[in-house]
Amino acid sequence: MSGARPGVVVIALLATVACRRAEPPRPWSEAWLAGEADRYLGAVADRRAALEASLVNPDNVYSRQRLKAYGYETSGWDALPVWNPRSRPIDRAAADELARRVWPTLPAERLWDGTRPTTQAAWVALGRRVFFEFPLRPEFAVEHVLTPWSPTAELPADAAVQAAALGLERTPAGDVPGLVVFDDVDGKPRVGITCAICHTAVRDGVVVAGAARRGLDLGKLRLAYYRDTGTTVDPDLTRRMATWGPGRADVTEDDDEDPVAIPDLWGLRDQSFLTHAGTIRHIGPAALAIRQETQLLHASGLRVRPPRELAWALAMYLYSIEPPPARPVTNAAVVARGAELFEVHCRLCHGSASGGGDPVAAELVGTDPSLAHGKARGTGRYRVTSLVRVADAAPYLHDGSVPTLALLLSSDRLEPGFTGGVRGPGPIRGHLYGIDLRVPDRDALIRYLESR
Ligand code: HEC
Ligand code: HEC
């Protein structure tokens with residue numbers, strides 16, 4: 001009997017070691033992300049559970065579509081064929097060929113070689129390729145700007161300048177980030193758009209990944225296509241497209257008229273909810289990966305779905321995006337005063353590390369409530385926008401209606417005769433915080449915001 005004792009001690013010791021080992025990895029560590037990847041890429045029940053937990057309002061169109069079709073393993077969207085495209089970013093050579101109505105040669109390989117990355121760095125690198133190269137869909141209006149629309153026609157000499165003015169920006173080397181040539185699902189070559197068309201900008205000749213493309217006017221691009229090709233369009237649709245941009249897009253598939261400002265993608269990890277109306281509870285990386293997976297399959301017109309590895313890679317890349325450096329602080333005392341005012345008047349809502357926070361009721365913040373109450377993505381709330389590099393994020397609010405921080409903090413914009421709004425004349429209501437401060441205090445607050 002006494003011989004059993006050392007054994008008990010050994011088992012107890014082993015149990016202690018095992019317990020230590022089982023301590024969960026720190027969130028966002030490589031081990032933690034690897035575990036989350038296994039869960040998302042593994043059992044369908046886990047994906048379904050993550051979807052359900054992430055949808056804030058099960059009754060809006062966005063949620064209903066997903067609840068009906070996502071995470072059923074053998075039916076719904078899981079049954080769509082997996083599509084791993086051949087795609088080539090449009091650089092100067094490809095653009096020149098398109099201008100001569102020649103289809104640029106595509107690489108022989110598909111975008112993904114089919115091997116699952118084993119390190120976080122490799123996931124991020126793969127995700128970057130998806131972000132810049134995975135075609136969401138063919139975009140005829142964009143193809144039209146790059147290609148003469150009949151064999152006898154020629155592109156105008158200033159076609160590239162015109163295209164850039166509508167947001168098809170080029171680098172000094174002639175790359176057009178966000179555009180690709182690809183073999184569509186039906187095998188036909190097309191010009192397509194990727195995430196980067198809306199979520200990168202070319203600033204001082206450099207591609208800034210994650211920055212909203214605030215000059216992009218997809219509505220105008222489409223109207224130009226319809227005009228030049230003599231396509232008849234429903235007048236109501238024409239009117240709606242004219243009201244979209246620049247810098248706004250309606251990324252939903254419903255009839256609601258609710259284009260919203262393209263957000264910068266800084267500090268996503270820190271954001272408790274995703275999208276302006278806080279449609280998605282950001283319960284973890286799976287919530288973002290599912291958003292991207294379902295966005296990509298929707299963009300294909302529900303013909304195909306992306307390899308799930310690519311949706312995960314995309315999410316990993318999005319988390320890795322760093323903002324450009326903040327503006328240098330020129331008057332530290334004023335900025336410090338602004339920081340104090342921020343503590344008192346703003347921190348309650350803008351309390352996270354990146355200055356965002358949990359959504360608040362649309363009636364409380366008082367801005368245009370139509371998106372928050374829309375049937376497409378509505379939750380009744382607006383998420384508190386993060387303030388990373390907010391000085392470069394104009395125009396402000398979910399609808400991109402306020403041109404400057406000074407006007408956001410000024411009662412001028414509440415006047416019935418106000419004409420300084422981005423979206424046309426008339427007062428811009430809501431978000432009255434800081435508006436009653438004395439002018440020097442408002443200035444200090446603005447200097448502080450510029451330093452973030
Ligand atoms: C046509 C322009 C466009 C394209 C293309 C596009 N987005 Fe967006 N994106 C938007 C707009 C507009 C919103 C805001 C939607 C809302 O708030 O309802 C948004 C929101 C987001 C958000 C939520 C950010 C936040 O602050 O809550 C993420 C993440 C995102 N997009 C990633 C992507 C990725 C990844 C792709 C490629 C698969 C992509 N987007 C393609 C325009 C676009
Ligand atoms: C009651 C909560 C609340 C308080 C307090 C608050 N905000 Fe906000 N803030 C929001 C919400 C919600 C939005 C998004 C509203 C929308 O898009 O319609 C927002 C948006 C903003 C934006 C727009 C950012 C962008 O990129 O569009 C700025 C700038 C801002 N707030 C600054 C401030 C400052 C400065 C203060 C303090 C003087 C402050 N906020 C106080 C809730 C709040």
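Every chain's residues receive numbers from 1 upward, in the order its sequence appears when written. Each chain takes a letter, starting from A, and each ligand takes a number, starting from 1, following the order in which they are written. For this predicted model, a pLDDT threshold of at least 70 governs which residues receive local features, and a threshold of 80 or more governs which side-chain atom pairs are given and counted, while totals over whole chains, interfaces and linings are taken from all residues. As a rule here, side-chain values cover all heavy atoms of the structure and leave hydrogens and water aside.

Colleague: Provide a residue-level description of the coordination of the iron atom of ligand 2, including the pertinent values.
Modeller: Tetrahedral metal sites with four donors have an ideal angle of 109.5 degrees; octahedral sites with six donors have ideal angles of 90 or 180 degrees. For the iron atom of ligand 2, the full set of protein donor atoms is His 350 (NE2) and His 431 (NE2), at a range of 2.0 Å. Excluding water, the donors of a metal are its N, O and S neighbours within 2.8 Å, or within 3.2 Å for Na, K and Ca, and that exclusion means sites may look incomplete. Each label reflects the angles at the metal, where four donors whose angles all fall between 85 and 135 degrees are tetrahedral, four or six donors whose opposite pairs open beyond 155 degrees and whose other angles stay between 65 and 115 are square planar or octahedral respectively, and the rest are irregular. Around the iron atom of ligand 2, the six donor atoms sit at angles spanning 86 to 179°, and that spread fits a shape best called octahedral. Within this pair, whereas His 350 is found in the loop between α14 (332-345) and β11 (357-361), its partner His 431 is found in the loop between α16 (405-408) and α17 (439-450), the two being separated by 81 residues in sequence. For the pair His 350 and His 431, a shared accessibility class is recorded, and that class is buried. Starting at the N terminus, helices and strands are each numbered in turn, a helix being any DSSP run of H or I of at least four residues and a strand any DSSP run of E of at least two. Partly exposed residues are those whose accessible area sits between 20% and 50% of the maximum for their type, while under 20% is buried and over 50% is exposed, using a 1.4 Å probe and protein chains only.

Colleague: Kindly report on helix α3 (residues 44-54), identifying the contributing residues and their values.
Modeller: For α3, the full list of buried residues reads Val 44, Arg 47, Arg 48, Ala 50, Leu 51 and Ser 54. The buried residues of α3 occupy an angular sector of 160° when the element is viewed end-on, so they sit on one face. What makes two residues a contact is simply this: any of their non-hydrogen atoms within 4.5 Å. Tucked inside the fold, the buried residues of α3 contact α2 (30-41), α4 (61-69), β10 (280-281), α12 (285-299) and α13 (308-320). The arc under discussion is defined with respect to the helix axis, by the directions toward the C-beta atoms.

Colleague: Which residues make up the sheet that holds strand β4 (residues 189-193), and what values go with them?
Modeller: The strand order across the open sheet formed by four strands is β1-β3-β4-β2, and the pairing between neighbours is antiparallel. Unpaired on one side and paired on the other, β1 (87-89) and β2 (137-138) mark the two borders of the sheet. In this description, strands pair whenever DSSP reports at least two bridges between them. Judged from the two bridges that link them, β2 and β4 form a sheet pairing that is antiparallel. In the sheet register, Arg 137 faces β4, and the bridge partner there is Ile 193.

Colleague: Got a sec to walk through the domain arrangement of the protein chain? Specific residues and values, please.
Modeller: You can read the domains of the protein chain as domain 1 (41-320) and domain 2 (332-450). In this document the domain limits rely on a domain assignment from an automatic tool or a database. A straight line from the C-alpha centre of domain 1 to that of domain 2 covers 28 Å. Contacts between domain 1 and domain 2 engage 33 residues on the former and 28 residues on the latter. Buried area: the sum, over both parts, of the accessible surface (1.4 Å probe) that disappears when the two are put together. For the pairing of domain 1 and domain 2, the buried interface totals around 2400 Å² over both sides, and the portion due to carbon and sulfur atoms is 49%. By the criterion applied in these results, polar contacts are pairs of N or O atoms within 3.5 Å in which, for protein atoms, one can donate a hydrogen and the other can accept it, and in which residues neighboring in sequence qualify only through two side-chain atoms. Taken together, the links from domain 1 to domain 2 amount to 17 residue pairs in polar contact (both at pLDDT 80 or more). Three classes are used: nonpolar for Ala, Val, Leu, Ile, Met, Phe, Trp, Tyr, Cys and Pro, charged for Asp, Glu, Lys and Arg, and polar for all others, with Gly counted as polar. Considering only residue class, the side of domain 1 that touches domain 2 consists of twelve nonpolar, twelve polar and nine charged.

Colleague: So what's going on with the layout of surface pockets? Which residues, and what values?
Modeller: The definitions used throughout rest on a 1 Å grid laid over the protein atoms alone, on which a cavity is an enclosed set of points accommodating a 1.4 Å probe that cannot get out and a pocket is an open set flanked by protein within 12 Å on both sides along at least five of seven lines; lining residues are those having an atom within 4 Å of a point. Grid points are joined across faces, edges and corners, and a volume is the space filled by probe spheres set on the points. Of the volumes computed, that of the second largest pocket is approximately 880 Å³. As for the second largest pocket, its lining consists of 44 residues, of which His 350, Thr 385, Ser 386, Leu 387 and Leu 397 are closest to the centre. Those elements giving two or more residues to the lining of the second largest pocket turn out to be α14, α15 (362-365), β12 (381-384), α16 and α17. Among the elements that take part in the lining of the second largest pocket, β12 stands out by supplying three residues, more than any other. In terms of residue class, the lining of the second largest pocket is made up of 27 nonpolar, twelve polar and five charged.

Colleague: Tell me about the coordination of the iron atom of ligand 1, residues and numbers included.
Modeller: The sole protein-derived ligand of the iron atom of ligand 1 is His 199 (NE2), positioned 2.1 Å away. With respect to the element layout, His 199 can be found in helix α9 (residues 195-199).

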